[in-house]
Amino acid sequence: MTTLSKEAIVEVLAKIVPPERLVTGGPALNEASIDRFRKYESICGVWTQPIPAAIVYAESTEEIQKVLQFANENKINVVPRNGASATEGGLETTAENSIVLDGSFMKKIIKIDPVNMQATCQCGVSLQELDDQCRAMGLTTGHSPQSKPLAQMGGLVATRSIGQFSTLYGGIEDMLVGLEAVFPNGHVARIKNVPRRAAGPDIRHVVMGNEGTLCYITEVTVKLFPYFPENNEFMGYVLDSMKLGFEILREVMAAGYKPSIARLYDPEDGAYHFSHFSNNRCVLIFMAEGPKPIARATAGAIKEIVARHPECEAVDPMYIQRWFEQLNWDPAKVAEERREIAQTQNIGHTTEVSIVWSEIADLYEAVMKRVRAEVPDLTMLGGHSSHSYINGTNIYFMYYYNLVDIKPEEEISKYHIPIKRIIVEETLKRGGSMCHHHGVGKHRAPWIKEEHGSAYYILETLKKAFDPNGIMNKGSIFPTR
Ligand SMILES: Cc1cc2nc3c(=O)[nH]c(=O)nc-3n(C[C@H](O)[C@H](O)[C@H](O)COP(=O)(O)OP(=O)(O)OC[C@H]3O[C@@H](n4cnc5c(N)ncnc54)[C@H](O)[C@@H]3O)c2cc1C
């Protein structure tokens, strides 16, 4: 990577942005070397990654272009950043004297277009802000990840994010219409906004999910949908078997229904959210939404499908509605979590994967068995399926452990990575995907070749073509030797 000193890098950056948008020291620079994957290290004030040379808060595509061109010419590692809610090490600055290129000042909503049902905004617009403005007009993006108050549009596209209403609206790949992105050589590519086209491969998919390893996303256009919260119908059930729960989810999806939420919690994960009624049982949840006739018909059909399984016991839908209203994470909830971890030395993480229906129950059982057998000091191990498709579903494992006799920097190697490894290995072994929606980051990169098999050729060739100097987010998606 670069032979330039920090001082030489900062000198050039200071000619691109004014001093108030250039951070070259202090706690913010330390924080910029990591993301949530290393939250315990940051709570303890231990910094194990190279501290970046600077954070640049860009305000325009031109500034992004200048920074990338400078970095490309001098082989400086650039870590793109938006809402900083990444969980897989995507924001870790693995090379000395990296530049963290932050787009969160690019927060202009360019157009909300109720005729063509699409909204265009800069990369730093928070999803919460965009969706609130759309909802005030009777519209919605349909995108609702739990990080909605934290994440920004550039990051949401860069990670192939998905929201809680995905069964109806899909993931970001179903919402994204067009975009603007800047490549390391300074080329600005604009992908236009059309309903569909067959003009060669879909190039949106080269940019979407690139996690800052190929280009910087500066602007996005997403679809809009009519918003009818008054028609929402919630349904909740308790049952004893995850296997049966998966089968009911499959029946609903295979029959062609599109509830906005279709979820199944195992007893431990369920107790985390629904201890007031779950009584150590699994919890199955649905929500139907949209125009009234559709919401009613969807809810009616789901109730009929569940009724075929007398093992399921209905619960008051108010419980489900209340749970749903407090699901999202805002900065206050993040701060509270950090305080709790500091006090209790008990910490939790998640890993989410996907697989076809015929393998899901087996995968769930295998992971639960192995993690319990192989990882010490667990205080909670559970999982839920939260995004279902006609051919399969995801499973989102949650795990908490007490940190026993370790230094902060050992948390990852003693607990987090061994658990993640078991989940990834068991998933890949059964033909599933090791990563459903949090991105690969640095910590699932070791398995990326196994994930893609012979198709890794396509991914690797994109990297060589668009980032020949390897300056974009070193170590993310593409493993370093
Ligand atoms: C509490 C919590 C709940 C979450 N829930 C969900 C969920 O329900 N669904 C879900 O999908 N994810 C979820 N996530 C993960 C995370 O919020 C998403 O990955 C989100 O898309 C990241 O957006 P961001 O703006 O915070 O991006 P950042 O964290 O800033 O960056 C994420 C990655 O994208 C790259 N990147 C960022 N901006 C750009 C850009 N403009 N151009 C190119 N690359 C860029 C970064 O380098 C990094 O690799 C959750 C995270 C937290 C902390």
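Up top you'll find the structure we're talking about.
To keep things clear, this report deals only with the structure shown in the data block. Here the structure is a predicted model, which means the values were calculated and not measured.

### Examining the site of the ligand
Thought 1: The immediate surroundings of the ligand are formed by 32 residues, with Pro80, Asn82, Ser85, Ser147 and Thr159 found nearest.
Thought 2: Between the ligand and Asn82 there is a distance of 2.7 Å, counted from an oxygen atom to a backbone nitrogen or oxygen.
Thought 3: Between the ligand and Gly212 there is a distance of 3.2 Å, counted from a nitrogen atom to a backbone nitrogen or oxygen.
Thought 4: Across the complex, the protein chains shield 97% of the 960 Å² of accessible surface that the ligand would expose by itself.
Thought 5: Elements represented by at least two residues in the shell around the ligand include exactly strand E3 (78-81), helix H6 (153-158) and strand E10 (216-223).
Thought 6: Broken down by element, the shell around the ligand gets its largest block of residues, 4 residues, from H6.
Thought 7: The residue inventory of the shell around the ligand, partitioned by class, reads 13 nonpolar, 16 polar and 3 charged.

### So, helix H11 (residues 267-278)
Thought 1: For H11, built from 12 residues, the straight-helix expectation of 16 Å at 1.5 Å per residue is missed by more than 12%, its first-to-last C-alpha distance being only 8 Å.
Thought 2: Listing the buried residues of H11 in full gives Asp269, Gly270, Phe274, Phe277 and Ser278. In an axial view of H11, the angular spread of the buried residues amounts to 80 degrees, which keeps them on one side of the axis. Facing away from the buried surface of H11 by more than 90 degrees, the exposed residues are Ser275 and His276.

### A short note on the side chain of Thr167
Thought 1: Its place among the elements puts Thr167 in helix H7 (residues 166-169).
Thought 2: Not counting the four nearest positions on each side in its chain, Thr167 is found in contact with Met253, Lys258, Pro259, Ser260, Ile261, Ala262 and Ser388.

How each quantity is defined
Residues numbered from 1 in each chain as written. Predicted model: local features only at pLDDT ≥ 70, side-chain atom pairs only at ≥ 80, totals over all residues. Heavy atoms only, no water. Near = heavy atom within 4 Å. Polar contact = N/O pair within 3.5 Å; in protein donor to acceptor, adjacent residues only side chain to side chain. Areas by Shrake-Rupley, 256 points an atom, 1.4 Å probe, with all protein chains shown as cover. Helix = DSSP H or I, 4+ residues; strand = E, 2+ residues; numbered from the N terminus. Nonpolar A, V, L, I, M, F, W, Y, C, P; charged D, E, K, R; others polar. Expected span 1.5 Å × (residues − 1). Buried < 20%, exposed > 50% of the residue type's maximum accessible area, 1.4 Å probe, protein only. Arc of directions from axis to C-beta. Contact = heavy atoms within 4.5 Å.

Note that all results are geometric; they support no functional claim without further evidence.
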